[in-house]
Amino acid sequence: MVPKAGITGLLSSYDQKKMAVATVCSHTSLQIFDGARREGFRTIGICIGQPPRFYDAFPKAKPDMFFSVKSYKEIPARAAELASMNAVVVPHGSFVEYLGVAAFEGLRLPTFGNRRVLKWESDRDKQREWLVGAGLSMPEKIARPEDITKPVLVKFYGAKGGRGFFIAKNYEEFMEVNPTEKHTIQEYVIGTRYYMHFFYSPLVNRGYRLSRGSLELMSMDRRDEANIDEMYKLGAQERLKQFGILPTFVVTGNVPVVLRESLLPKAFWMGERTVERSFELFGGIIGPFSLECIVTDKLEFKVFEISARIVAGTNFFVRSSPYSDLREPEMSVGRRIAREMRLARRLKRLDAVLS
Ligand code: AMP
């Protein structure tokens, strides 16, 4: 992990008026670039080889310049070049996935958010320790495959978009796959999925206040997942299995949702507890995070995952969301990140939001 002092030192060499927002050209880059520009930052798109053409179709979200690398693994070695352009990295899921957790932790560039969250987010056992310790309810964890007595979901580590996940109803079904990769076995919760997008600001002291800073609910989505989401069209899964068709959870897109209004107090409570616990565990999460939940027909929330940065489900809300609109119109999560950077720069507190 790059020591905080190293990043603070690097920042002091920056021309802060010319600070630029840099991210990898993927995932949520359109709203990150659009939002940064709307908040007055220059933007740098990190791409492999030739700049991707699709930005030409979205001029408002096209970065001011492209920074081309041979492979994402090359980024750490070229960090000094980015630093000379006063670049601050806004990480997203693909950025961390392509670079790898260790390389990202060691990246010698100021990055938005607290890098120490990665250790807690990238390990499913640590996530559980964090969320359950915060008082949130998670799907039951089944320690050994021999103990499977009800439907379970077998999940692998890392943000691979649900690839390879499988459902088993008993030990025999588990053994049909018998995974060798690191995995966890979780109770399969039946209910409706809500992916809630929060933003924690250590700097803003109004609105939904926490012991320090404040919490905003930006938006919510549900993922489209192939092929599980459309399987019902072909019939029951047992029958499909006979044809060799197995359910998968590969994310292909996102749809916007809102929560029953009476469930909002619980949603905020969950967000609040997650942030408060993070202060105790690793000095606190900063900026966007998502609690990924299933709400059962008893109206109970089961959180199956936390993403500790901007998630792709926010892409729908590039101009508005039923929640963020009630605070300030036209505020995407990408723009909200840039707004926080701008506020921190004005207050001379960049060290509170960058690491
Ligand atoms: P994850 O990698 O934890 O985000 O899970 C990928 C997908 O699997 C989610 O988007 C859900 O559709 C589904 N899922 C995850 N955990 C559970 C669970 N415990 N019960 C039912 N479905 C789940």
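Residues numbered from 1 in each chain as written. Predicted model: local features only at pLDDT ≥ 70, side-chain atom pairs only at ≥ 80, totals over all residues. Heavy atoms only, no water.

S.K.: Explain the nonpolar core to me, please; I cannot follow it from the model alone.
M.R.: What tends to happen in soluble globular proteins is that the nonpolar side chains get buried as a cluster. Counting residues in each nonpolar core, the largest one holds 49 residues, and the members touching the most others are Ile 46, Ile 75, Leu 82, Leu 107, Phe 112 and Met 341. Sorting the residues of this core by element identifies strand 1 (20–24), helix 2 (29–38), strand 2 (42–48), strand 3 (65–69), helix 3 (79–84), strand 4 (87–89), helix 4 (93–99) and helix 11 (333–347) as the ones contributing at least two each. Here this core gets six residues from one element, more than from any other, and that element is helix 11. Viewed by domain, this core spans two of them, domain 1 (1–111) and domain 2 (113–140 + 189–355), each represented by three or more residues. What Leu 107 contacts, discounting residues up to four positions off in sequence, is Val 2, Ile 7, Ile 75, Pro 76, Ala 79, Val 89, Phe 95, Leu 99 and Arg 115. (Core = buried A, V, L, I, M, F, W, Y, C linked by side-chain atoms within 4.5 Å. Buried < 20%, exposed > 50% of the residue type's maximum accessible area, 1.4 Å probe, protein only. Helix = DSSP H or I, 4+ residues; strand = E, 2+ residues; numbered from the N terminus. Domains from an automatic or database assignment. Contact = heavy atoms within 4.5 Å.)

S.K.: Please explain the side chain of Gln 186 as it appears in this structure.
M.R.: Residue placement: Gln 186 occurs in strand 8 (residues 183–187). Engagement of the side chain of Gln 186 in a polar contact is seen with the side chain of Lys 155, the distance being 3.0 Å. With residues near it in sequence (within four places) discarded, Gln 186 still touches Arg 128, Pro 139, Glu 140, Ile 142, Val 152, Leu 153, Lys 155 and Phe 304. (Polar contact = N/O pair within 3.5 Å; in protein donor to acceptor, adjacent residues only side chain to side chain.)

S.K.: Would you explain the sheet that holds strand 3 in this entry?
M.R.: Sheets are built from strands that pair by backbone hydrogen bonding, the pairs being arranged parallel or antiparallel. Across the sheet, which stays open at both edges, the four strands sit in the order 3-2-1-4 with parallel pairing between neighbours. One side of each edge strand has no neighbouring strand; the edge strands of this open sheet are strand 3 and strand 4. When strand polarity is set aside, the average angle formed by the axes of neighbouring strands in this sheet is 30°. Relative to strand 4, strand 1 runs parallel, the two sharing three bridges. Within strand 4, the residue paired with Ala 22 across the bridge is Val 89. Across the sheet, helix 2 is in contact with strand 1 and strand 2; its angle to strand 1 comes to roughly 175°. (Pairing = 2+ DSSP bridges. Axes fitted to C-alpha atoms, helices over the stretch in contact; angles between N-to-C directions.)

S.K.: Just to check I follow, could you spell out the domain arrangement of the protein for this structure?
M.R.: It is common to give the size of an interface as the accessible area that goes away when the parts come together. As assigned here, the protein comprises domain 1 (1–111) and domain 2 (113–140 + 189–355). For domain 1 versus domain 2, the separation of C-alpha centres amounts to 23 Å. Between domain 1 and domain 2, the residue contacts involve 34 residues of the former and 30 residues of the latter. The contact between domain 1 and domain 2 buries some 2700 Å² in all, and 59% of this surface belongs to carbon and sulfur atoms. When the buried surface of domain 1 facing domain 2 is broken down by residue, Gln 31, Arg 38 and Glu 39 rank first, second and third, together holding 26% of it. At the surface where domain 1 touches domain 2, the tally comes to five salt bridges. The residue Arg 38 makes a salt bridge to Glu 330 at a minimum N-O spacing of 2.5 Å. Of all the secondary structure elements, the ones that give two or more residues to the side of domain 1 that touches domain 2 are helix 1 (4–12), helix 2, helix 4 and helix 5 (101–106). Examining the composition of the side of domain 1 that touches domain 2, we find that six residues originate from one element, helix 2, more than from any other. Residue composition of the side of domain 1 that touches domain 2, by class: 18 nonpolar, nine polar and seven charged. (Buried area = accessible area lost by both parts, 1.4 Å probe. Salt bridge = Lys/Arg side-chain N within 4 Å of Asp/Glu carboxyl O. Nonpolar A, V, L, I, M, F, W, Y, C, P; charged D, E, K, R; others polar.)

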